[in-house]
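In case you want the letters, here they are:
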Amino acid sequence: MSKLNSLAISDSGFIFKPSTGESFTTNEMGLFIIQLLKENKSGEEIINAIMEDFEVDNVTAGRDLYEYLDFLKREQMMD
Amino acid sequence: MSKKIYERPVLRKVVEGIPNKFGSLKRLRPIETIDNVAIDAIIEKYGSPVFIISEKTIRETYKTAYRAFSTRYPKVQFAWSYKTNYLDAVCRIFHQEGAWAEVVSGFEYEKALDNNIPGNKIIFNGPDKSREDLVSAISNNSLIHIDHFDELYMIIKLVEELKERPQVAIRVNMDTGIIPQWDRFGFNYENGEAWNAINRILSNGKIDLIGLHIHIGTYIIMSKAYATAIEKLAALATKTFYRFQKTINYIDLGGGFASQNTLQGAYMPATDTTPSFDDYAHTITTAMTSVNFPNNEMPALILETGRALIDEAGWLAGTVLANKRLADGRRAMVIDAGVNLMFTAFWYDYEIFPVHETSFQSEPTTIYGPLCMNIDVIRKNIDFPMLNKGDHFVIKRVGAYTMTQWMQFITYRPNVVLIDLKGEVHLIRKQEDKEVFRRQELTPKYLL
């Protein structure tokens, strides 16, 4: 099971990481991204999906996505 | 179908521990206008960053301060502390309200004269008064507050040359319970130096000693210190009367009232701890009326309050230049106003607000200025909403000492505008450009 799939995530954005017992919170956009990551979407696909649903340009969506992915990696929540 | 509003994704670790006694942070409300003028419109017209001064706040603050003292004591006079903010427009508002001028250099003295202040309503403080400054001050009947014996000897010499009677006070320093004790200004009370100076002045017979002045410190949040100072000055006035039959006309308590900016490291926000004008006035006027001045004559009370009168009226609006992550993952935000404009950021935790609501999420952030210097930090750690590049911010309470202590370092100093009582915006100091500096520089011919 991938690290991401081992997380317990509530609809309100509360994340529990069973391997360490740590908890996190994320917002609607974070949940949206995690959902797409679980579906094995690529970075480009996620950016396109964000732009389709939200009022944002390509550069901003990309910048924020890759920063968010860095967070997930730093917290050992994805590979 | 319209798209949903985008918000940057955030991930926050839930940290266990004892909750902060103040509870969770309230959401930082944006500030979009100052005196009903849109901050965006000011930035668009006058550039970014830009200092914004509210005339309404200056006048209201002055009236509150004056009312606090004048309703408790019969003879009160404020003197506007030029060094706190000597933009002519600002000085003239205070003068219109009735404040005299308090200056500490030849430059400030000239400014006060140019602002049409009569010489006898200018208080000349400070340790640096040149011979020319003193000649000018004596000729104009200004109130010269003598800082040291060398200055006194210079005045004694000038009396012979000018054949005029200088109007002087001595600056007295003393232990009022404030730590550190400010002993660099004037003559010490406890070791007898102040009494010695009074003796020299009055034995001369050609100089009028009309006042006693004290400057106990800055950002004084213990108003009782002023009461201690008054007791000691009253004792000095009494001693002077019995020795020379000379009545002291005024007691000048200098400045030092704190503003509502929080000092770095303070446990509580200054809005909770800073005494109000009424608190200061109560302590000071109670002391003035309860001590014994000779012949029961109440001397006038002069106050040189600067910081507390102007800090609230000044704002600094600007633009976010960049967001980045520091090595440990903390968020950093770079803005276009640094310690070059906000020297005071070295000791204050300034309140910074977004101009518009951009995000409901906030994150611990270090806010840096634009200078290529590691020390250029405006806030070390503030829970701040996630503004994007190009978004506007506004910093509160920057009226005192910013526009006088600012540095031309790396970049130019920006425009300063004044919002008048009708909501009209006036440019009161132009931003610098390369010509300003070119005019001051001379290049030797062989380097051309």
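Residues numbered from 1 in each chain as written. Chains lettered and ligands numbered in written order. Predicted model: local features only at pLDDT ≥ 70, side-chain atom pairs only at ≥ 80, totals over all residues.

1. With respect to the overall build of chain B
Rules: Helix and strand definitions follow DSSP, with helices as H or I runs of at least four residues and strands as E runs of at least two, each counted in order from the N terminus. This radius of gyration counts C-alpha atoms alone. The globule rule is 2.2 Å times how many residues there are, raised to the power 0.38. Contact between two residues is assigned when their C-beta atoms, built from the backbone, lie within 7 Å.
When helices and strands are tallied, chain B shows 13 helices and 24 strands. Relative to its length of 448 residues, chain B is compact, with a C-alpha radius of gyration of 25 Å against a globular reference of 22 Å. With the C-alpha coordinates aligned to their principal axes, the bounding extent of chain B is approximately 90 × 65 × 45 Å. Considering only contacts within chain B whose residues lie at least 6 apart along the sequence, 70% involve residues at least 24 apart.

2. Brief notes about the overall build of chain A
Short version of the rule: Exposure is read from a count of other C-beta atoms within 10 Å of each residue's own; the residue is exposed at 12 or fewer, buried at 20 or more and partly exposed in between. C-beta atoms are placed from the backbone.
Counting secondary structure elements, chain A contains three helices and four strands. Mapped in sequence order, the helices and strands of chain A form the string β-β-β-α-α-β-α. The globule rule puts the C-alpha radius of gyration for 79 residues at 12 Å, and the 12 Å found for chain A is close to it. Taken along the three principal axes of its C-alpha coordinates, chain A extends 35 × 25 × 20 Å. Per-residue burial over chain A gives 24% buried out of 79 residues. Of the contacts made within chain A by residues no fewer than 6 positions apart, 35% connect residues no fewer than 24 positions apart.

3. Side note on the packing of helix 5 (residues 131–139) of chain B against helix 6 (residues 149–162) of chain B
Residue and element names in this part refer to chain B. Quick reminder of the rule: Only the contacting stretch of a helix is used when fitting its axis, a line to C-alpha atoms as for every element, and angles between N-to-C directions run 0 to 180 degrees. Roughly parallel means an angle under 35 degrees; roughly antiparallel means over 145; roughly perpendicular covers 65 to 115; every other angle is labelled oblique. Handedness of a crossing follows from how the near helix is turned relative to the far one, being left-handed for an anticlockwise turn of less than a right angle and right-handed for a clockwise one. Gly is put with the polar residues, along with every residue not named as nonpolar or charged; the nonpolar set is Ala, Val, Leu, Ile, Met, Phe, Trp, Tyr, Cys and Pro, and the charged set is Asp, Glu, Lys and Arg.
Two elements in contact, helix 5 and helix 6, have axes whose closest approach is 11 Å; the angle formed by their N-to-C orientations is 60°. Classified by the angle between their axes, helix 5 and helix 6 sit oblique to one another. Considering only the axes of helix 5 and helix 6, their crossing is right-handed. The residues of helix 6 that touch helix 5, namely those facing Arg131, Leu134, Val135, Ile138 and Ser139, are Met154, Ile155, Leu158 and Leu162. Its residues placed into classes, the contact of helix 5 with helix 6 shows seven nonpolar, one polar and one charged.

4. Thoughts on the nonpolar core
Applied cut-off: By definition, a nonpolar core groups buried Ala, Val, Leu, Ile, Met, Phe, Trp, Tyr and Cys residues that connect through C-beta atoms lying within 7 Å of each other. Throughout, the edges of the domains are those of an automatic or database domain assignment.
Ranked by size, the top nonpolar core spans 118 residues in total, and within it B:Ile52, B:Ala101, B:Val172 and B:Leu233 carry the most contacts. Per element, the largest residue contribution to this core is seven residues, and it comes from helix 8 (residues 224–244) of chain B. For this core, the two domains that each supply at least three residues are domain 1 (33–52 + 312–431) and domain 2 (125–305) of chain B. The next biggest cluster of nonpolar side chains, apart from the first, holds 18 residues, and it includes A:Leu37, A:Ile46, A:Tyr68 and B:Leu11.

5. Description of the environment of B:Tyr6
When you line up the elements, B:Tyr6 lands in the loop between strand 1 (4–5) and strand 2 (11–13). Using a count of 19 C-beta atoms within 10 Å as the deciding quantity, one classes B:Tyr6 as partly exposed. In this structure the C-alpha to C-alpha distance between B:Tyr6 and B:Thr358, which are 352 residues apart in sequence, comes to 9.5 Å. Excluding residues that lie within four positions of it along the chain, B:Tyr6 makes contacts with A:Phe54, A:Glu55 and A:Val56.

6. With respect to unusual backbone geometry
Peptide bonds are trans in most cases, and residues, glycine excluded, mostly fall at negative phi. Residue and element names in this part refer to chain B. Looking along the chain, the bond that leaves Ser48 and enters Pro49 is cis, with omega of 0°. If you trace the backbone, Pro49 turns up in the loop between helix 1 (39–46) and strand 5 (50–54). Phi at Asn116 takes a positive value of approximately 65°, unusual for a residue other than glycine. Note that Asn116 resides in the loop between helix 4 (106–114) and strand 8 (122–124). Under the C-beta neighbour-count criterion, Asn116 is labelled exposed, with 8 such atoms within 10 Å. Backbone geometry at Ile410 places phi at a positive 70°, although glycine is not the residue there.

7. Notes on the pairing of strand 6 (residues 76–81) of chain B
Residue and element names in this part refer to chain B. Applicable threshold: Between any two strands, at least two bridges found by DSSP are needed for them to pair.
Taken across its six residues, strand 6 has five buried, putting it largely inside the fold. Two strands pair when backbone bridges link them, and strand 6 and strand 15 (residues 300–303) are joined in this way by three bridges, in the parallel orientation. Considered in strand 15, the bridge of Phe78 is made with Leu303. Across three bridges, strand 6 lies against strand 7 (residues 100–103) in parallel orientation. Following the sheet pairing, Ala79 is matched in strand 7 by Trp100.

8. Notes on the sheet that holds strand 2 (residues 14–17) of chain A
Spatially, the four strands line up as an open sheet ordered 1(A)-2(A)-3(A)-2(B), and their pairing is antiparallel. In this open sheet, the two strands that pair with only one neighbour each are strand 1 (8–9) of chain A together with strand 2 of chain B. Relative to strand 3 (residues 22–26) of chain A, strand 2 of chain A runs antiparallel, the two being bridged by four bridges. Across the sheet, A:Phe14 pairs through a bridge with A:Thr25, a residue of strand 3 of chain A.

9. Some points on helix 10 (residues 277–290) of chain B
Residues and elements named next belong to chain B. Rules: What a helix should span is 1.5 Å times the count of its residues minus one. Our arc is simply the arc of the directions from the helix axis toward the C-beta atoms.
Between its first and last C-alpha atoms helix 10 spans 20 Å; for 14 residues at 1.5 Å apiece the expected length is 20 Å, and the two agree. Along helix 10, the residues that are buried comprise Tyr280, Ala281, Ile284, Thr285, Ala287 and Met288. Within helix 10, the buried residues cover an arc of 155° as seen down the axis, which keeps them to one side.

10. Quick notes on the interface of chain B and chain A
Taken together, the contact between chain B and chain A spans 14 residues of the former and 19 residues of the latter. In terms of residue count, the dominant contributor to the side of chain B that touches chain A is strand 2 of chain B (three residues). Of the residues contributing to the side of chain B that touches chain A, the split by class is six nonpolar, two polar and six charged. Two elements, strand 4 (residues 54–55) of chain A and strand 1 of chain B, share two bridges in a ladder whose sense is parallel. Each residue of the ladder has a partner; that of A:Glu55, found in strand 1 of chain B, is B:Ile5.

11. Re the domain arrangement of chain B
Residue and element names in this part refer to chain B. What the domain assignment lists for chain B is domain 1 (33–52 + 312–431) and domain 2 (125–305). Contacts between the two partners involve seven residues from domain 1, matched on the other side by six residues from domain 2. A breakdown of the residues in the side of domain 1 that touches domain 2 according to their chemical character gives four nonpolar, no polar and three charged.

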